[in-house]
Amino acid sequence: MTHSTHQKLSSLLSKLPNQLSVAVEAEYQAMVKAYASREWDDVQTAAGRFAEAVLRILEFHTSGSYTPIDGVRKPNRKTVIGNARNATNLSPTLRLQIPSMTELLMDFRNNRNAAHLGDIKPWHADAIVVTQITSWIVAELVRLESKIADDEIQNIIDNLAELPSPLIQRVADVPIVLDASLRAEDKALMLLFDAGQAVDAKTLCAWSEYSNTTRWINQIIKKLVGEKKIYVDKANQVHLLSPGQ
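Residues numbered from 1 in each chain as written. Predicted model: local features only at pLDDT ≥ 70, side-chain atom pairs only at ≥ 80, totals over all residues. Heavy atoms only, no water.

K.L.:
Even after reading the chapter, I still don't get the overall build of the protein, so can you show me in this structure?
P.N.:
Each helix and strand in the protein was counted, giving eleven helices and five strands. Projected onto the principal axes, the alpha-carbon positions of the protein cover approximately 70 × 45 × 35 Å. A total of 245 residues make up the protein; the buried ones form 40% of that total. By sequence separation, contacts in the protein at least 24 residues apart represent 56% of the contacts at least 6 residues apart. For the protein, the accessible surface area stands at approximately 13,100 Å², while carbon and sulfur atoms represent 50% of it. Across the protein, the centroid of the 27 positively charged side chains sits 4 Å from that of the 28 negatively charged ones. (Helix = DSSP H or I, 4+ residues; strand = E, 2+ residues; numbered from the N terminus. Buried < 20%, exposed > 50% of the residue type's maximum accessible area, 1.4 Å probe, protein only. Contact = heavy atoms within 4.5 Å. Areas by Shrake-Rupley, 256 points an atom, 1.4 Å probe, with all protein chains shown as cover. Lys, Arg positive; Asp, Glu negative; His and termini not counted. Charge placed at Lys NZ, Arg CZ, Asp CG, Glu CD.)

K.L.:
Please explain the side chain of Glu-59 as it appears in this structure.
P.N.:
Inspection of the secondary structure assignment puts Glu-59 in helix H4 (residues 40-63). For the buried Glu-59, no salt bridge exists, and the shortest N-O distance to an oppositely charged side chain is 5.5 Å, to Arg-56. With sequence-adjacent residues up to four places away left out, Glu-59 is seen in contact with Gly-64, Ser-65, Tyr-66, Thr-67, Pro-75 and Val-80. (Salt bridge = Lys/Arg side-chain N within 4 Å of Asp/Glu carboxyl O.)

K.L.:
Could you clarify how one ought to interpret the pattern of salt bridges in this entry?
P.N.:
Where charged atoms from two side chains of opposite charge come close, those side chains can pair. Throughout the structure, instances matching the rule amount to 13 salt bridges. Ionic pairing is found between Glu-103 and Arg-85, a salt bridge with its closest N-O pair at 3.4 Å. Taken together, the positions of Glu-103 in helix H6 (residues 92-111) and Arg-85 in helix H5 (residues 77-86) put the pair 18 residues apart, joining distant regions of the chain. Among the ionic pairs, Glu-140 bridges to Arg-143, the shortest N-O distance being 2.7 Å. In this pair, Glu-140 and Arg-143 are both assigned in helix H7 (residues 123-145), three residues apart and thus about one turn of the helix distant. Judged by relative accessible area, which is 10%, Glu-140 ranks as buried. Salt bridges linked by common partners bring Arg-183, Glu-185, Asp-186, Lys-223, Glu-227 and Lys-229 together as one network.

K.L.:
Can you walk me through the pairing of strand S2 (residues 174-177) in this structure?
P.N.:
Regular strands show a simple pattern: their side chains alternate between the two faces of the sheet. Burial along S2 is one-sided: the residues Pro-175 and Val-177 are buried and none of Val-174 and Ile-176 is. Bridge count for strand S1 (residues 168-171) against S2 is four bridges, and the pairing is antiparallel. Its bridge partner being in S2, Ile-168 is matched across the sheet by Val-177. (Pairing = 2+ DSSP bridges.)

K.L.:
When you look at the environment of Leu-191 in this model, what are you seeing that I'm missing?
P.N.:
Structurally, the position occupied by Leu-191 is in helix H9 (residues 184-195). A relative accessible area of 0% places Leu-191 in the buried class. Along the chain, Leu-191 and Ile-176 lie 15 residues apart, while their C-alpha atoms are 8.3 Å from each other.

K.L.:
Is there a simple way to explain the sheet that holds strand S5 (residues 237-240) in this structure?
P.N.:
Sheet strands line up and pair through hydrogen bonds in the backbone, either parallel or antiparallel. An order of S3-S5-S4 is seen for the three strands of this open sheet, with the pairing classed as antiparallel. Each having just a single partner strand, strand S3 (199-200) and strand S4 (230-232) make up the two edges of the open sheet. With two bridges connecting them, S3 and S5 associate as antiparallel partners. Considered in S5, the bridge of Val-199 is made with Val-238. In the packing of helix H11 (residues 213-226) onto the sheet, the strands contacted are S4 and S5, and the crossing angle to S4 comes to about 115°. (Axes fitted to C-alpha atoms, helices over the stretch in contact; angles between N-to-C directions.)

Spelled out as structure tokens, the structure:
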């Protein structure tokens, strides 16, 4: 899934009201970011908000208007889904698959967490399911709601079929940042966030694959400290602060 696809998603959905296309893009990006960061609960939360936007798209197609996204009003889920399934003028996707998948995304958000109170916590598996469902819906919306050439649509759909890559992979308990283009300070923040606890400054330097420890301390660490993104205690343990998150 390419970054360029995310950037232009809302403009691709040119047949939809702007508020809906922007909401689809924002929540889809939030879900992908959460998945790449291994924040499984946040994946389901973003996917649920994405489903709320899709519900309004179905409402728009069946009634010509939709419930505004204002944080107060919500469309009646049962009514909207029923109207979509009965609208014979809609494409089969909008009548059948998308309504069912939208309800499934909402059920994952609303009901699945309650089933996770025991020792077994299948959050990762749940995140994979909702990410794939959401990506499939986005691909269908691009196919149905855009005015671009078929070959470009095909390329976007092929990209959306790929699960987002994790930002960090562990090898023998060593976290490795997979995006080589990131700046050293961004790698440091990402590694701290992934660790979930304070990390020794020199260990953080090694994880970031920064060759000069002295320069690391004097330039990268001091810069982040000055920006109030990290705090270094007397034992040289680096703590991630809220702005750094």
